[in-house]
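Structural overview
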Amino acid sequence: MDCPIPQSELDEIYTFAIDLARKAGNLLLERLNERNSEQVYTEKENAVDLVTQTDEDVETLIKKAIQNKYPAHNFIGEETYAKGSSREYLIDEKPTWCVDPLDGTVNFTHAFPMFCVSLSLIVSHRPVIGVIYAPMLSQLFSSCLNRGAWLNESVRLPLIRNPSIPPMPANAPGKCILACEWGKDRRDVPGGNLERKIESFSTLAMERNARGGLGGMVHGVRSLGSATLDLAYTALGSVDVWWEGGCWEWDVAAGIAILLEAGGLVTTANPPEDIEGPIEDVRLGSRLYLAIRPAGPSATETGRQTQERTVREVWKRVKQLDYSRPGA
Ligand code: IPD
Ligand code: CA
């Protein structure tokens, strides 16, 4: 990608973002350790869409630091956006920080370790810097365009190399770890998103001869409760496939930056009419995501071909999801 920001400037922003993510993550941990009773939260859209004072305070800390250092950059943060009236995709070509101060709020309120702060810089609709810090796990994932993707600034992603990065399994999604999220749309309506998700998870998990031969027989199904960490673990190579609908740009921007820099693929969750056609890059604001881990070549395919084959095999087994938004 041609980025209008010179590399030296991107490198400086990257250093700033890592420092800021550490400060924000430390505040998350401080708040978690301070609690001596159940974490107080407010419900937003429904009883599983939560916000705590910590989400608000961490977003304020991040927003102030960014506006102070980079006043010309735009800022979209989950909690600032939630207070606005628009539900449109508000990111344009300009450098824009897309921030989730706390991804995995439900996990945070239960002291379940999969929560993090997630910061990303988007330029011309492409996340070029991503930093995710999960303080309870002491894991910091980061990437900058052309600088690689990293765990704790020292281990290059993906982690899996034996001795080189393996291709996707020949019968993927068989032998894959699938990550997916139950999400916040819990409506009990026939053909609703929850029903379609569960149907899709089942098909992907079932034995091969199930459902007219569509059983995916994945090795395992995982649900971490943080979309951005799902993507980070896909960049790591611990997750092979992530399929999800319903989250928003701040839930995925940093994870997408890191996964792309590590060599992963991200496209739409919903199977297109012609699944054999070209595989398009994901639209950040689409709320529909299918991610595949970095992959090397096999004897007969390039790494990219093994990823695209996996995308098509997943599309054959999943239902269309409906997470519309104005202007989409
Ligand atoms: C949520 C998490 C969850 C995903 C939801 C997100 P939040 O973010 O990423 O895994 O399923 O769609 O909204 O509310 O914890 O920041
Ligand atoms: Ca959040």
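Here, every reference points to the structure presented above.
Here the focus is the nonpolar core. Counting residues in each nonpolar core, the largest one holds 39 residues, and the members touching the most others are Phe141, Leu157, Trp242 and Val252. Only strand E5 (116–123), strand E6 (126–134), strand E8 (149–151), helix H7 (227–236), helix H8 (249–262) and strand E14 (288–292) provide two or more residues apiece to this core. Among the elements that take part in this core, H8 stands out by supplying eight residues, more than any other. Residues in contact with Leu157, not counting those within four places in the same chain, are Phe141, Ala149, Trp150, Leu151, Ala235, Leu236, Ile258 and Ala262. Formed by 35 residues, the second largest nonpolar core is a distinct cluster that contains Leu10, Leu32, Phe115 and Leu119.

This part takes up the site of ligand 1. As a structural note, the neighbourhood of ligand 1 is formed by 15 residues, with Asp103, Gly104, Thr105, Lys184 and Ala227 the closest of them. Contact distances for ligand 1 include 3.0 Å between an oxygen atom and a side-chain N or O atom of Asp100. The side chain of Asp103 places a nitrogen or oxygen atom 2.8 Å from an oxygen atom of ligand 1. Tallying contributions element by element places strand E4 (residues 96–103) first for the shell around ligand 1, with three residues.

Once that is clear, we can look at the packing of helix H1 (residues 7–34) against helix H2 (residues 53–69). Where H1 meets H2, the closest approach of the two axes is 10 Å, and the angle between their N-to-C directions is 160°. Of the possible angle classes, the one that applies to H1 and H2 is roughly antiparallel. H2 is crossed by H1, and the crossing has right-handed handedness. In this structure, H1 contributes Phe16, Leu20, Ala24, Leu27, Leu28 and Arg31 to the contact, and H2 contributes Gln53, Thr54, Asp57, Val58, Leu61, Ile62, Ala65, Ile66 and Lys69. Within the contact of H1 with H2, the residues separate by chemical class into ten nonpolar, two polar and three charged.

Moving on, we come to the sheet that holds E8. Judged by pairing direction, the sheet is mixed, and its seven strands sit side by side in the order E3-E4-E5-E6-E7-E8-E9 without closing on themselves. Strands at the two margins of the open sheet, each flanked by one partner only, are strand E3 (74–77) and strand E9 (155–156). The pairing of strand E7 (residues 139–144) with E8 spans three bridges and is classified as antiparallel. Across the sheet, the residue bridging to Phe141 is Leu151, located in E8. Of the strands in this sheet, E3, E4 and E5 are in contact with H2, which crosses E4 at around 155°.

A separate point is the coordination of the calcium ion (ligand 2). Protein coordination of the calcium ion (ligand 2) is provided by Glu78 (OE), Asp100 (OD), Asp100 (OD) and Leu102 (O), with donor distances spanning 2.1 to 2.9 Å. Along the chain, the residues donating to the calcium ion (ligand 2) fall in the pattern E-x21-D-x1-L. With a gap of 24 residues between them, Glu78 in helix H3 (residues 78–83) and Leu102 in strand E4 connect regions that are remote in the sequence. With respect to burial, Glu78 and Leu102 carry one shared label: buried.

Time to look at the sheet that holds strand E13 (residues 265–267). Read from one edge of the open sheet, five strands run E11-E10-E12-E14-E13, paired in mixed fashion. Where the open sheet ends on each side, the last strands, each with one partner, are strand E11 (220–222) and E13. Going from strand to strand, the sheet's axes swing by 15° on average, the running direction of each strand aside. Contacts from H7 reach strand E10 (177–180), strand E12 (241–245) and E14, with the element oriented near 160° to E12.

Another point: the side chain of Ser143. One can find Ser143 in strand E7. Dropping the residues within four chain positions of it, Ser143 is found in contact with Tyr14, Val128, Ile129, Gly130, Gly148, Ala149, Ala257, Ile258 and Glu261.

Rules used in this analysis
All residue numbers here refer to positions counted from 1 along the written sequence of the relevant chain. Written order decides the labels, with chains lettered from A and ligands numbered from 1. Local features in this predicted model are restricted to residues of pLDDT 70 or higher, and side-chain atom pairs are both shown and tallied only at a pLDDT of 80 or more, whereas totals for entire chains, interfaces and linings draw on every residue. Excluded from the side-chain calculations are hydrogens and water; all other atoms, namely the structure's heavy atoms, are used. The definition of a nonpolar core used throughout is a set of buried Ala, Val, Leu, Ile, Met, Phe, Trp, Tyr and Cys residues joined through side-chain atoms within 4.5 Å. Buried, partly exposed and exposed residues are distinguished by accessible area as a fraction of the type maximum, computed with a 1.4 Å probe on protein chains only: under 20%, between the cut-offs, and over 50%, respectively. Only runs of H or I of at least four residues qualify as helices and only runs of E of at least two qualify as strands under DSSP, and these elements are numbered from the N terminus. We call two residues contacting when some pair of their heavy atoms lies within 4.5 Å. We call a residue near a molecule or strand when any one of its heavy atoms sits within 4 Å of it. Whenever two N or O atoms come within 3.5 Å, that pair is a polar contact, provided that in protein one can donate a hydrogen and the other can accept it, and provided that, for residues adjacent in sequence, both atoms are side-chain atoms. Axes here refer to lines fitted to C-alpha atoms; in helices the fit is confined to the stretch in contact. Angles between the N-to-C directions go from 0 to 180 degrees. Throughout, the term roughly parallel applies to angles under 35 degrees, roughly antiparallel to angles over 145, roughly perpendicular to angles from 65 to 115, and oblique to all others. By convention the crossing between two helices is left-handed if the near helix lies anticlockwise of the far one by an angle smaller than a right angle, and right-handed if it lies clockwise. Here the nonpolar group is Ala, Val, Leu, Ile, Met, Phe, Trp, Tyr, Cys and Pro; Asp, Glu, Lys and Arg are the charged ones; every other residue, Gly included, is treated as polar. Pairing between two strands requires that DSSP report at least two bridges joining them. The donor set covers N, O and S atoms within 2.8 Å of the metal, switching to 3.2 Å for Na, K and Ca, and it leaves out water, so a site may look short of donors.

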